[in-house]
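Reading the structure
Residue-level listing of the chains:
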Amino acid sequence: MEKTRERGRGLRILKAFLYSTVLFLLLTGLAGLLLRFTPLPETGSPYLMIAILTVSCLFLGLCVGSAMKKGGLLYGGLCALLFLLAVLLGNAWFLGSLQGLELFQLKYLLCLLGGAAGGVAGVHLGG
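Notes on the structure follow. (Residues numbered from 1 in each chain as written. Predicted model: local features only at pLDDT ≥ 70, side-chain atom pairs only at ≥ 80, totals over all residues. Heavy atoms only, no water.)

Thoughts on the nonpolar core
So the rule is basically this: In this description, a nonpolar core means a group of buried Ala, Val, Leu, Ile, Met, Phe, Trp, Tyr and Cys residues linked to one another through side-chain atoms lying within 4.5 Å. Any residue under 20% of the maximum accessible area for its type is buried, any over 50% is exposed, and the rest in between are partly exposed; the area is computed with a 1.4 Å probe on protein chains only. Put simply, DSSP marks the helices as runs of H or I at least four residues long and the strands as runs of E at least two long, and each gets a number from the N terminus on. By definition, residues are in contact when any of their heavy atoms lie within 4.5 Å.
Membership of the largest hydrophobic core comes to 21 residues, with the highest contact counts inside it found for Leu53, Leu60, Val64 and Phe83. Those elements that place two or more of their residues in this core are helix H1 (2-37), helix H2 (45-68), helix H3 (72-95) and helix H4 (107-125). Element by element, the count of residues in this core is highest for H2, at eight residues. Ignoring any residue separated from it by four or fewer positions in sequence, one finds Val64 in contact with Ile13, Ala16, Tyr75 and Cys79.

Brief notes about the packing of H2 against H3
Our working rule: Fitted lines through C-alpha atoms give the axes, limited to the stretch in contact for helices. The angle between two N-to-C directions lies from 0 to 180 degrees. Roughly parallel covers angles under 35 degrees, roughly antiparallel covers those over 145, roughly perpendicular covers 65 to 115, and oblique covers all other angles. Note: crossing handedness is left-handed where the near helix turns anticlockwise from the far helix by less than a right angle, and right-handed where it turns clockwise. Each residue is assigned to one class: nonpolar for Ala, Val, Leu, Ile, Met, Phe, Trp, Tyr, Cys and Pro, charged for Asp, Glu, Lys and Arg, and polar for all the others, Gly among them.
Between H2 and H3, the shortest axis-to-axis distance is 8 Å and the interhelical angle comes to 135 degrees. It follows that H2 is oblique to H3 by the angle criterion. In terms of crossing hand, the pair formed by H2 and H3 is right-handed. Side by side, H2 and H3 meet where Leu53, Ser56, Cys57, Leu60, Gly61, Val64 and Met68 of the first sit next to Tyr75, Gly76, Cys79, Ala80, Phe83, Leu84 and Val87 of the second. Broken down by class, the residue content of the contact of H2 with H3 amounts to 11 nonpolar, three polar and no charged.

Brief notes about a nonpolar patch on the surface
Rules: Candidates for patches are residues over 30% relative accessible area with no salt bridge; among them, like charges are joined within 9 Å and nonpolar side chains (Val, Leu, Ile, Met, Phe, Trp, Tyr) within 5 Å. Each accessible area value is a Shrake-Rupley result obtained with a 1.4 Å probe; residue values ignore everything except the protein chains displayed when judging cover. By definition here, a salt bridge exists when the distance from a side-chain nitrogen of Lys or Arg to a carboxyl oxygen of Asp or Glu is within 4 Å.
Where nonpolar side chains cluster on the molecular surface, the patch consists of Leu18, Tyr19, Val22 and Leu26 and spans about 410 Å² of accessible area. You can see Val22 is positioned in helix H1. Overall, the relative accessible area of 41% leaves Val22 in the partly exposed class.

Observations regarding the side chain of Ser56
Take Ser56: it is sitting in helix H2. Setting aside anything within four residues of it in sequence, one finds Ser56 in contact with Ser20, Leu23, Phe24 and Phe83.

A word on the environment of Leu81
Structurally, the position occupied by Leu81 is in helix H3. Since its relative accessible area comes to 32%, Leu81 is described here as partly exposed. It is 9.7 Å that separates the C-alpha atoms of Leu81 and Ala116, two residues lying 35 residues apart in sequence.

The analysis is restricted to geometry; functional conclusions fall outside its scope.
Written out as structure tokens, the structure is:
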């Protein structure tokens, strides 16, 4: 019985990563369309990407906290860190260089805090 419960949690966490990735890609595409077809300045695109990453990490933390039912701060933050690493490594792979991979910047702390906050909210919302 315990193995089935653990497998169910694992599947829910994998689904959360999948849904967060889809949300990230949709929001990134929407941001690209907004930058292309509206007079929004491109100088704000780094801030827009951090906001998109933070929303995706918040959603991931919400789903993971709901799946784990305890330790939302820890699990939400850890999953947000894994998601952030996956996005940054995917970006480096897509661009073909690790030159822009500046992981230890303060702006990424907002994404981790978003994941941790989503984890706490997910534990309290249940599911």
